[in-house]
Amino acid sequence: MHFDKELVAASATPLVLGILAEGESYGYAILQQVAELSGGRIDWTDGMLYPLLHRLERLGNITASWTTSEQGRRRKVYALTDLGRESLAERRAQWVVVSDALDKVWRQARFVSAPGVA
């Protein structure tokens, strides 16, 4: 399934912050978790994720530190900050409003739903 660039951009920050709210993680694991959460329908690339992680770090929403894996590989691990938790809560509240409004529009609209969508 193809997702509009605007929808990907709007959903990327809350997805990453939500994943990091569960605990620290590294880039590849975040990519895997997004794919898993979406049932494989969202397939982000490194080129999409890492600029977002760098921006969230600059904004103070996440921190980054280097660690060494059990296999001896260095990897950058990202963690949510208190500011990031506040940002996630605010974004979640915004998404609830938008989701509720869309749900009402779609329930009232008389159109054929997309394949696989009830």
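Nothing here was measured: the structure is a model prediction, and the numbers come from that model.

It is worth spelling out the nonpolar core at this point. Among the nonpolar cores identified, the biggest contains 17 residues, and Val-16, Leu-20, Ile-30, Trp-44, Leu-49, Leu-53 and Ile-62 are the most heavily contacted of them. The set of elements that each furnish at least two residues to this core consists of helix H1 (5-21), helix H2 (27-37), helix H3 (46-58) and strand S3 (74-80). With 5 residues, the single largest contributor to this core is H1. Here Trp-44 is in contact with Val-8, Ala-12, Leu-15, Val-16, Leu-31, Val-34 and Leu-49, once residues within four sequence places are set aside.

Summarising the sheet, strand S1 (residues 25-26) and S3 pair through 2 bridges and their orientation is antiparallel. Looking at the pairing, Tyr-26 lines up with Val-77 of S3. Bridging between strand S2 (residues 62-68) and S3 involves 7 bridges; their strand directions are antiparallel. By the bridge assignment, Ala-64 is partnered in S3 with Tyr-78. Taking the residues between adjacent antiparallel strands as the criterion, S2 and S3 are bridged by 5 residues, where Gly-72 takes a positive phi near 85 degrees.

Further remarks concern the pattern of salt bridges. In total, this model carries 1 salt bridge according to the counting rule given. Here Arg-107 ties to Asp-103 by a salt bridge, and the two come within 2.8 Å at their closest N and O atoms. Note that Arg-107 and Asp-103 are positioned in helix H4 (residues 82-108) at a spacing of 4 residues, about one turn of the helix. Of the residues examined, Asp-103 reaches a relative accessible area of 34% and is grouped as partly exposed.

With their axes 11 Å apart at the nearest point, H1 and H2 run at an angle of 105 degrees to one another. As the angle between them shows, H1 and H2 are arranged roughly perpendicular. Across the interface between the two elements, Val-16, Ile-19 and Leu-20 from H1 touch Ile-30, Gln-33, Val-34 and Leu-37 from H2.

Another aspect to go through is the environment of Ile-30. Of note, Ile-30 is situated in helix H2. In this structure the C-alpha to C-alpha distance between Ile-30 and Val-16, which are 14 residues apart in sequence, comes to 7.3 Å. Among residues more than four places away in sequence, those in contact with Ile-30 are Val-16, Ile-19, Leu-20, Ser-25, Leu-49 and Leu-53.

Look at H1 against H4: their axes get within 10 Å of each other, and the N-to-C directions meet at 130 degrees. One way to sum up the angle between H1 and H4 is to call them oblique. The element H1 and its partner H4 pack so that their crossing is left-handed. Contact residues: H1 offers Leu-7, Ala-10, Ser-11, Thr-13, Pro-14, Leu-17, Gly-18 and Ala-21, while H4 offers Gly-84, Arg-85, Ser-87, Leu-88, Arg-91 and Trp-95. For the contact of H1 with H4, the per-class residue count stands at 7 nonpolar, 5 polar and 2 charged.

The rules behind each value
- Residues numbered from 1 in each chain as written.
- Predicted model: local features only at pLDDT ≥ 70, side-chain atom pairs only at ≥ 80, totals over all residues.
- Heavy atoms only, no water.
- Core = buried A, V, L, I, M, F, W, Y, C linked by side-chain atoms within 4.5 Å.
- Buried < 20%, exposed > 50% of the residue type's maximum accessible area, 1.4 Å probe, protein only.
- Helix = DSSP H or I, 4+ residues; strand = E, 2+ residues; numbered from the N terminus.
- Contact = heavy atoms within 4.5 Å.
- Pairing = 2+ DSSP bridges.
- Salt bridge = Lys/Arg side-chain N within 4 Å of Asp/Glu carboxyl O.
- Axes fitted to C-alpha atoms, helices over the stretch in contact; angles between N-to-C directions.
- Parallel < 35°, antiparallel > 145°, perpendicular 65-115°, else oblique.
- Left-handed = near helix turned anticlockwise from the far one by under 90°.
- Nonpolar A, V, L, I, M, F, W, Y, C, P; charged D, E, K, R; others polar.

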